[in-house]
Amino acid sequence: MKAIISDIHSNLEAFQAVLEDIEGQGVSEIYCLGDVVGYGPNPRECVDLVMKCRIVLLGNHDQGALFDPEGFNPPAERAIFWTRSQLETAGANAGERERRWEFLVERPRCHQEDSLLFVHGSARNPLNEYVFPEDIYNQRKMERIFALVERTCFQGHTHVPGIFTEHQPEDVYQFQSPEEVDYAYRLDGRKVLCNVGSVGQPRDGDRRACYILFDGETIRYRRVDYDVETTIKKIYAIPDLENFLGDRLRDGR
Ligand SMILES: [Fe+2]
């Protein structure tokens, strides 16, 4: 059994709650689809914890913190510069700083395993492309992305969990939220794009941390409650992280 997580965004309370939930699920390996940092108050702690995952991909916020951020709105960019300053600070042990930095720099942009593809954004542009639920009406976009997927693609980036499917021959695309599939989707041979949702900043109106379990046949969505008020207080206390980055956690938006 795999657990697939994404978009932790330096939210330590959410990440710890998810790791605890994973412990009881018979999981042998954890895959993380990127954006370990950005937005939240605990980048160093989250990088340290994510190192126990078998696969960790590079997300656009991770890349922004390492190199020069491009294409971010002002609050996100400020958060990225603050994140970089945190990663440049060693804490108690100077070796830790090097270890985190090296780990992040070495992250791959995608991972393929049999017929499973793992990306942060999309199969077409692993780092930066968003695939939103409303993109099902953009036939050209969906066609091109589905063409690059052998069977199943696990992705994150939008923070909106759900399952995209392709229905031929009419080339109609469908999106189903976790509630719409009753939190479980069994693969039936058709191609699937699975957005695993976000651990640290869900945006589908459900503030609980989100991730999936995958046994090779069935995708199961998990929602995990965590101490959101603690994370919000930390964000409020850091001037470079705007207050709305905390407020949105309360609403899951
Ligand atoms: Fe993200």
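That block above? That's the structure.
(A) Region of the structure containing the overall build of the protein chain. In terms of regular secondary structure, the protein chain is built from 8 helices and 12 strands. Projected onto its principal axes, the C-alpha coordinates of the protein chain cover approximately 55 × 35 × 30 Å. Here the protein chain, with 253 residues, has 57% of them falling under the buried criterion. If you sum the accessible surface of the protein chain, you get close to 10800 Å²; carbon and sulfur atoms cover 44% of it. On the protein chain, the mean spot of the 30 positive side-chain charges and the mean spot of the 43 negative ones are 0 Å from each other.

(B) Representation of the sheet that holds strand β8 (residues 172–176) in the model. Pairing in this open sheet of 6 strands is mixed, and the strands run β4-β5-β6-β10-β7-β8 from one edge to the other. In this open sheet, the two strands that pair with only one neighbour each are β4 (110–113) and β8. Strand-to-strand twist of the sheet, defined as the mean angle between neighbouring strand axes without regard to direction, takes the value 15 degrees. Across 5 bridges, strand β7 (residues 162–167) lies against β8 in antiparallel orientation.

(C) Spatial organisation of the environment of R220. Locating R220 in the fold gives a position in strand β12 (residues 218–224). Taking the C-alpha atoms as reference points, R220 and D7, 213 residues apart in sequence, are found 18 Å from one another. Among all residues touching R220, those that are not within four sequence positions of it are Y183, A184, Y211, I212 and L213.

(D) Fine view of the side chain of H111. Within the secondary structure, H111 is located in strand β4. Beyond its immediate chain neighbours, meaning those up to four positions away, H111 contacts Y31, R54, I55, L57, L116, L117 and F118.

(E) Examining the coordination of the iron ion more closely. Around the iron ion, the protein contributes the donor atoms D7 (OD), H9 (NE2), D35 (OD) and H159 (NE2), at 2.0 to 2.4 Å from the metal centre. Written as a sequence motif, the donor arrangement for the iron ion is D-x1-H-x25-D-x123-H. Note that H9 is positioned in the loop between β1 (2–5) and α1 (12–23) and H159 in the loop between β6 (152–155) and β7, a separation of 150 residues in sequence.

(F) Highlighting unusual backbone geometry. Of note, S10 is a non-glycine position whose phi angle comes to about 60 degrees, a positive value. Structurally, S10 is set in the loop between β1 and α1. Owing to a relative accessible area of 0%, S10 belongs among the buried residues under this scheme. At H157, a position not held by glycine, the phi torsion is positive, near 80 degrees. Along the polypeptide, H157 turns up in the loop between β6 and β7. Among the residues examined, H157 registers a relative accessible area of 3% and is labelled buried.

(G) Seen up close, the nonpolar core. By size, the foremost hydrophobic cluster in this structure holds 45 residues, and its most contacted members are I5 and V50. The greatest single-element share of this core, amounting to 7 residues, is contributed by α1. Apart from the residues within four sequence positions on either side, V50 is in contact with I8, F15, C32, V36, V56 and F103. Counting residues in hydrophobic clusters, the runner-up holds 19 residues, among them I4, L116, F154 and Y185.

What counts, and at which threshold
- Residues numbered from 1 in each chain as written.
- Predicted model: local features only at pLDDT ≥ 70, side-chain atom pairs only at ≥ 80, totals over all residues.
- Heavy atoms only, no water.
- Helix = DSSP H or I, 4+ residues; strand = E, 2+ residues; numbered from the N terminus.
- Buried < 20%, exposed > 50% of the residue type's maximum accessible area, 1.4 Å probe, protein only.
- Areas by Shrake-Rupley, 256 points an atom, 1.4 Å probe, with all protein chains shown as cover.
- Lys, Arg positive; Asp, Glu negative; His and termini not counted.
- Charge placed at Lys NZ, Arg CZ, Asp CG, Glu CD.
- Pairing = 2+ DSSP bridges.
- Axes fitted to C-alpha atoms, helices over the stretch in contact; angles between N-to-C directions.
- Contact = heavy atoms within 4.5 Å.
- Donors = N, O, S within 2.8 Å, 3.2 Å for Na, K, Ca; no water.
- Core = buried A, V, L, I, M, F, W, Y, C linked by side-chain atoms within 4.5 Å.

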